[in-house]
Each structure stands twice: as structure tokens, then as C-alpha cells.
Amino acid sequence: QVQLVESGGGLVQPGGSQRLSCAASGLTFSGYTVGWFRQAPGKEREYVAAFRWSGGGTDYADSVKGRFAISRDITKNTVYLQMNSLKPEERARYYCGVTRAVRSNWFDRSKYYYWGQGTQVNVSS
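Residues numbered from 1 in each chain as written. Predicted model: local features only at pLDDT ≥ 70, side-chain atom pairs only at ≥ 80, totals over all residues. Heavy atoms only, no water.

Q: Could you give me a rundown of the overall build of the protein, with the residues and numbers involved?
A: When helices and strands are counted, the protein shows zero helices and eleven strands. Reading the helices (α) and strands (β) of the protein from amino to carboxyl end gives β-β-β-β-β-β-β-β-β-β-β. Taking 2.2 N^0.38 as the reference for a compact globule, 125 residues should give roughly 14 Å; the C-alpha atoms of the protein span a radius of gyration of 13 Å, in line with that estimate. C-alpha extents for the protein along the principal axes are approximately 40 × 30 × 25 Å. The 125 residues of the protein split such that 46% are buried. Across the protein, every contact between residues at least 6 apart in sequence was considered, and the portion connecting residues at least 24 apart equals 59%. Only carbon and sulfur atoms are counted for the fraction: they give 44% of the accessible area of the protein, which is about 6,300 Å². (Helix = DSSP H or I, 4+ residues; strand = E, 2+ residues; numbered from the N terminus. Rg over C-alpha atoms; globule rule 2.2 N^0.38 Å. Buried < 20%, exposed > 50% of the residue type's maximum accessible area, 1.4 Å probe, protein only. Contact = heavy atoms within 4.5 Å. Areas by Shrake-Rupley, 256 points an atom, 1.4 Å probe, with all protein chains shown as cover.)

If you want it as C-alpha cells, here you go:
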């Protein structure tokens, strides 16, 4: 049974940092791209960033470029999303998913096979 588990969310002040984790069981990330998406109340789930496990290619939404960074821990089969300079409007539930889609489709949530339950990030003073 494949399970993705996000963690690391919580309350952070504007301008602060948070690191999210996406751990997998029943699946190894090798051969997949791991994507991060977020969904604010009343809004659609939007693409944040993606990381191709084999080869290490990364991609970021324009809104987070230069502030967010993806990394991994091979031994833990875990992908991280380091978020810096967070803004109040980035308050959302953050999800990770996996896909085998080509790079040009990493932004497309319909291409993702599995999702975690998400972790809530609240950006507020």
C-alpha cells in the first residue's frame, strides 16, 4: 500500500521559514518526480515545485523561485521543501504527490498518481 506522509507544517511569522517533509512507504521515489502543491481555502490546488528523484532536476513556480528549495534524503526516502521568506498569502495546506510525467507537465496535478494528506502551514503574526 502506497502512502505519502507530509509533515513539518505549523504556524510561522511572515518572513519566516518552514521545512516540510514528504516521506513515502510502499513506494521508492526512484523513477518518480515528487511534486509539492498547496491549496488555500476556497482555491484550487496550485503547483509549487517538483523534484525528479533520478537525476535531481528541479522546477519551481515563479511565485516561489528564489525562496523555496527542494532537497532529499536518500536514506530516508524523503523529500523536503524548504520555504523561506514566507508570506501571509502562502497560508495553505501543502501536499506532496508523485508522477512519472515529463517535465513540461510537472505543474499539472492531474498527472500525479498518489497524494499525501497534506500539512497545514499558517503564516501569520
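And the narrative resumes.
Q: I'd like to hear about the sheet that holds strand β7 (residues 68-73), residue by residue, with values.
A: If you walk across this open sheet you meet the four strands as β1-β3-β8-β7, and the pairing is antiparallel. Taken across any chain shown, the strands that pair with only one partner, and hence form the sheet edges, are β1 (3-7) and β7. Geometrically, the sheet is characterised by an average inter-axis angle of 20° between neighbouring strands, direction not taken into account. Pairing analysis gives five bridges linking β1 to strand β3 (residues 18-25), with the strands arranged antiparallel. Residue pairing for β3: V5 is matched across the bridge by A23. (Pairing = 2+ DSSP bridges. Axes fitted to C-alpha atoms, helices over the stretch in contact; angles between N-to-C directions.)

Q: For the environment of S25, give the residues involved together with the corresponding values.
A: Inspection of the secondary structure assignment puts S25 in strand β3. For the pair S25 and L4, spaced 21 residues apart in the sequence, the C-alpha separation amounts to 6.6 Å.

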